[in-house]
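Chains, contacts and geometry: an overview
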2 protein chains.
Amino acid sequence: MPSSAPATMLDDATKPLFWGIDIGGTNIKIGLVDDAGKTLHFDHIPTQESEGPQSAVDRTAAFLAKIEQELGLSHEDVPVIGLGSPGSMDIPRGYLLDPPNLPHWWNFPIRDAFAKATGRPVAFINDANAAAYGEFWVGTGQRQDNMVLLTLGTGVGGGIVVADELVDGENSFGGECGHMIVDPSPTARLCVWGGGRGQLEAYASASAVVDRTRERLTAGGESSLSGLLGGSNSELSAKAVYLAAEDGDALALEIVDETAFWLGIGITTIIHMIDPGLVVLGGAMDFGGEASKVGQRFLDGIRKEFHARTFAHVAKGTKIGFASLGGDAGYLGAAGYARKAYRKRMQ
Amino acid sequence: MPSSAPATMLDDATKPLFWGIDIGGTNIKIGLVDDAGKTLHFDHIPTQESEGPQSAVDRTAAFLAKIEQELGLSHEDVPVIGLGSPGSMDIPRGYLLDPPNLPHWWNFPIRDAFAKATGRPVAFINDANAAAYGEFWVGTGQRQDNMVLLTLGTGVGGGIVVADELVDGENSFGGECGHMIVDPSPTARLCVWGGGRGQLEAYASASAVVDRTRERLTAGGESSLSGLLGGSNSELSAKAVYLAAEDGDALALEIVDETAFWLGIGITTIIHMIDPGLVVLGGAMDFGGEASKVGQRFLDGIRKEFHARTFAHVAKGTKIGFASLGGDAGYLGAAGYARKAYRKRMQ
């Protein structure tokens, strides 16, 4: 994560600059990013969700003003604000609808509230789409025209970039790849949000990995993880499964392989629809990433399933890999989309 | 299907005009289309596939020249040629790769061959994507920003339009929705092309409908269709299943409902990824269309499955319906994409 930068960094910055704001249930991440995608300043403030959205808008605007004053920046130096937020949302109207993790913020005109408080236009996008645009602009997707990001966390989020544009959709629901159906059977697993059955996130999210492990242990499966069965999900976590798998635990390895199978099914569908050339996996659950044995086995399992189900020239022309920006992808993507909006107006 | 038009029709035409060419295994459809999407002239010539592609290119170019001479049109009046062709293909290079229904045309630089023979730039797209763009420009998708077309025929083709652009993909494989995975089980049905298992077209194409009916009859199912069991697929066809269903045949109705179920699964995934606001079903297998009891039951079955698996605001903001251009969608979409290419160059 980039740290705060002294004012002298501005000398090397490519102007104009853009604010990227990434709203989460606990914190609001705020980055000042230059035209080349370099972060000049980063910090976060608490969301304080229960105080309602206007408080967070005002505190964010005050924070931006303070930093701008310290760095001697005018509104012209930072002409557009990028804002990523959890859905559901109505992007054309600039409203939050009913985001599950912001219960006190429902039906709030967040885009215009931020525009009024900051005195500048706001580019408003979904947070998972913002992360996808971040990876596309300055992460694993650099030098690509198209890319799909899947973020594996509590749920499975996603974002689709086609020809440098995010797929927002008609109902601001574009890129919700976690809600694709991978298992049509009436006994398929239920989505973690209690919604639809057989959706990808019921199989491939970090929560689903824990649930599936817990079920296997409860059914008597032998594993080094058995001791955690009585504990909370913070003990029996996707990370604990990864660590056990790295140590060669057979049950944990089975869970990793099954997760790769389900992602292989879902990613095959994504590729046969979008043909993005690159699918990137982000979020906490990377099983150690490319540097680890298990992370490599995870990627190989996904690729194997995809290759068995696709055509030779599509397999050859498609990469599947891990994201590279971690938790910074959201504010970077929000800033990148602000830059895109700014450039469009200039045309 | 529009018929040939006298030269006087040119008086009402909105210029410039565009040729739309839709290459099929048997015929090449050729339409002269004006800037407003009106067909001024339509005809087809035989593909004569086994003679190889250059013969077809030359015969098509001669046909265009003949009509242009008859109508007194210059190259400036018809500045760009739109060309839709079956894949696999390499759109940036302008090559056909190995289209299964054009075995003598493999690895042919079709775009440049047409450009040379016609003396004009050629906008080259996939035939299913061309049909999608046709429905988007002048068919069911008019006044939309986004749309997905599924064509139910021998296979299941597809095309995705996002913000007025076709999703071609990195490997010219974008929009191949028939190859999405709807059933992950190891015993899932095989794709009609003998490829992947569990893909949508193994359940929802006209061929799949016939195969599933044949299996049910062979297993002793009672139906008015039993008499056709010994016959060819031209007798026991998707249309025969529709006609039996319209007469209330229980087995035929089950097949219709099952097909709707599988399309409901696939379309839910499409909508959760693209959120197009409109999904259009084209191709021969419309079960009589909206005018028929069975066509309505088919649409209702698809919608029911989608609504059970999606969110209220997405269900409300999404339409699912039948295509309106029939076999004309391909050449119209090719002409529409030529128009789009022409307008882009003007910017």
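Residues numbered from 1 in each chain as written. Chains lettered and ligands numbered in written order. Predicted model: local features only at pLDDT ≥ 70, side-chain atom pairs only at ≥ 80, totals over all residues. Heavy atoms only, no water.

1. Side note on the packing of helix α6 (residues 238-246) of chain A against helix α7 (residues 250-274) of chain A
Residues and elements named next belong to chain A.
- Where α6 meets α7, the axes come as close as 8 Å, and the angle between the chain directions of the two elements is 115°. Judged by the twist between their axes, the crossing of α6 over α7 is left-handed. On the side of α6, the interface is formed by V241, A244 and A245, while α7 contributes A252, L253, I255 and V256.
- Per-class residue counts for the contact of α6 with α7 are seven nonpolar, no polar and no charged. (Axes fitted to C-alpha atoms, helices over the stretch in contact; angles between N-to-C directions. Helix = DSSP H or I, 4+ residues; strand = E, 2+ residues; numbered from the N terminus. Left-handed = near helix turned anticlockwise from the far one by under 90°. Contact = heavy atoms within 4.5 Å. Nonpolar A, V, L, I, M, F, W, Y, C, P; charged D, E, K, R; others polar.)

2. Section: α7 of chain A
Residue and element names in this part refer to chain A.
- The end-to-end C-alpha distance of α7 is 35 Å, a good match for the 36 Å that 25 residues give at a rise of 1.5 Å each.
- Most of α7 is tucked away, with 20 of its 25 residues classed as buried.
- One or two steps after α7, the chain reaches D275, where phi turns positive at roughly 50°. (Expected span 1.5 Å × (residues − 1). Buried < 20%, exposed > 50% of the residue type's maximum accessible area, 1.4 Å probe, protein only.)

3. Overview of the nonpolar core
- One finds L150 and F298 of chain A together with L150 and F298 of chain B to be the most contacted residues of the largest nonpolar core, which totals 110 residues.
- Filtering out sequence-adjacent residues up to four positions away, F298 of chain A remains in contact with L152, V256, T259, A260, L263, L281, M285, D286, F287 and F322 of chain A. (Core = buried A, V, L, I, M, F, W, Y, C linked by side-chain atoms within 4.5 Å.)

4. Section: the interface of chain B and chain A
- Across the boundary between the two partners, chain B contributes 43 residues, which contact 43 residues of chain A.
- One can count zero salt bridges joining chain B with chain A.
- Taken together, chain B and chain A are joined by 26 residue pairs in polar contact (both at pLDDT 80 or more).
- Among the secondary structure elements, those contributing two or more residues to the side of chain B that touches chain A are β9 (156-162), α7 (250-274) and α9 (312-316) of chain B.
- Here the side of chain B that touches chain A gets nine residues from one element, more than from any other, and that element is α7 of chain B.
- Here the residues of the side of chain B that touches chain A sort into 19 nonpolar, 16 polar and eight charged. (Salt bridge = Lys/Arg side-chain N within 4 Å of Asp/Glu carboxyl O. Polar contact = N/O pair within 3.5 Å; in protein donor to acceptor, adjacent residues only side chain to side chain.)

5. Let's talk about the relation of the copies chain B and chain A
- Rotating chain B by 180° and moving it 0.0 Å along the rotation axis overlays it on chain A with an RMSD of 0.0 Å. Expressed as a symmetry operation, the mapping of one chain copy onto the other fits a two-fold axis.
- Residue by residue, 100% of the interface of chain B is reproduced at the interface of chain A, so both copies engage with the same surface. (Least-squares fit on C-alpha atoms with pLDDT ≥ 70 in both.)

6. Digging into the pattern of salt bridges
- Counted under the stated rule, the structure contains 34 salt bridges over all chains.
- Notably, a salt bridge pairs K340 of chain A with E165 of chain A, separated by 3.6 Å at the nearest N-O pair. Taken together, the residues K340 of chain A in helix α10 (residues 329-346) and E165 of chain A in strand β10 (residues 165-166) connect sequence positions 175 residues apart.
- Among the residues examined, E165 of chain A registers a relative accessible area of 28% and is labelled partly exposed.
- Ionic pairing is found between K340 of chain B and D164 of chain B, a salt bridge with its closest N-O pair at 3.1 Å. Here K340 of chain B, found in helix α10 (residues 329-346), pairs with D164 of chain B, found in the loop between β9 and β10 (165-166); they are 176 residues apart in sequence, far enough to count as distant.

7. A word on the sheet that holds strand β2 (residues 27-33) of chain B
Residue and element names in this part refer to chain B.
- Pairing is mixed in the open sheet, where five strands are placed in the order β3-β2-β1-β4-β7. In this open sheet, the two edge strands, each paired with only one partner strand, are β3 (39-46) and β7 (122-126). Ignoring strand direction, the axes of neighbouring strands in this sheet form an average angle of 15°.
- One ladder, built from five bridges, connects strand β1 (residues 18-23) with strand β4 (residues 80-85); its direction is parallel. Bridge pairing in β4 places F18 opposite V80.
- Against the sheet, helix α2 (residues 110-118) contacts β1, β4 and β7, and its axis sits at roughly 150° relative to β7.
- Along the sheet, helix α3 (residues 127-138) contacts β1, β2, β4 and β7; its crossing angle with β7, the most-contacted strand, is approximately 105°. (Pairing = 2+ DSSP bridges.)

8. So, the environment of I30 of chain B
Residue and element names in this part refer to chain B.
- Within the secondary structure, I30 is located in strand β2.
- With 299 residues separating them in the primary sequence, I30 and A329 have C-alpha atoms 11 Å apart.
- If we skip the residues at most four places from it in the chain, I30 touches W19, G20, H41, F42, D43, I45, T60, F63 and L64.

9. What about the sheet that holds strand β1 (residues 17-23) of chain A?
Residues and elements named next belong to chain A.
- Read from one edge to the other, the open sheet built from five strands follows the order β3-β2-β1-β4-β7, with strand pairing classed as mixed. Two strands bound the open sheet, and with one partner strand each, they are β3 (39-46) and β7 (122-126). Averaged over all neighbouring strand pairs, the angle between strand axes comes to 15°, with direction disregarded.
- As paired elements, β1 and strand β2 (residues 27-34) share seven bridges and run antiparallel to each other. Each bridged residue has a counterpart across the sheet, and for L17 the counterpart in β2 is D34.
- Contacting β1, β2, β4 (80-85) and β7, helix α3 (residues 127-138) crosses the sheet at an angle of about 105° to β7.

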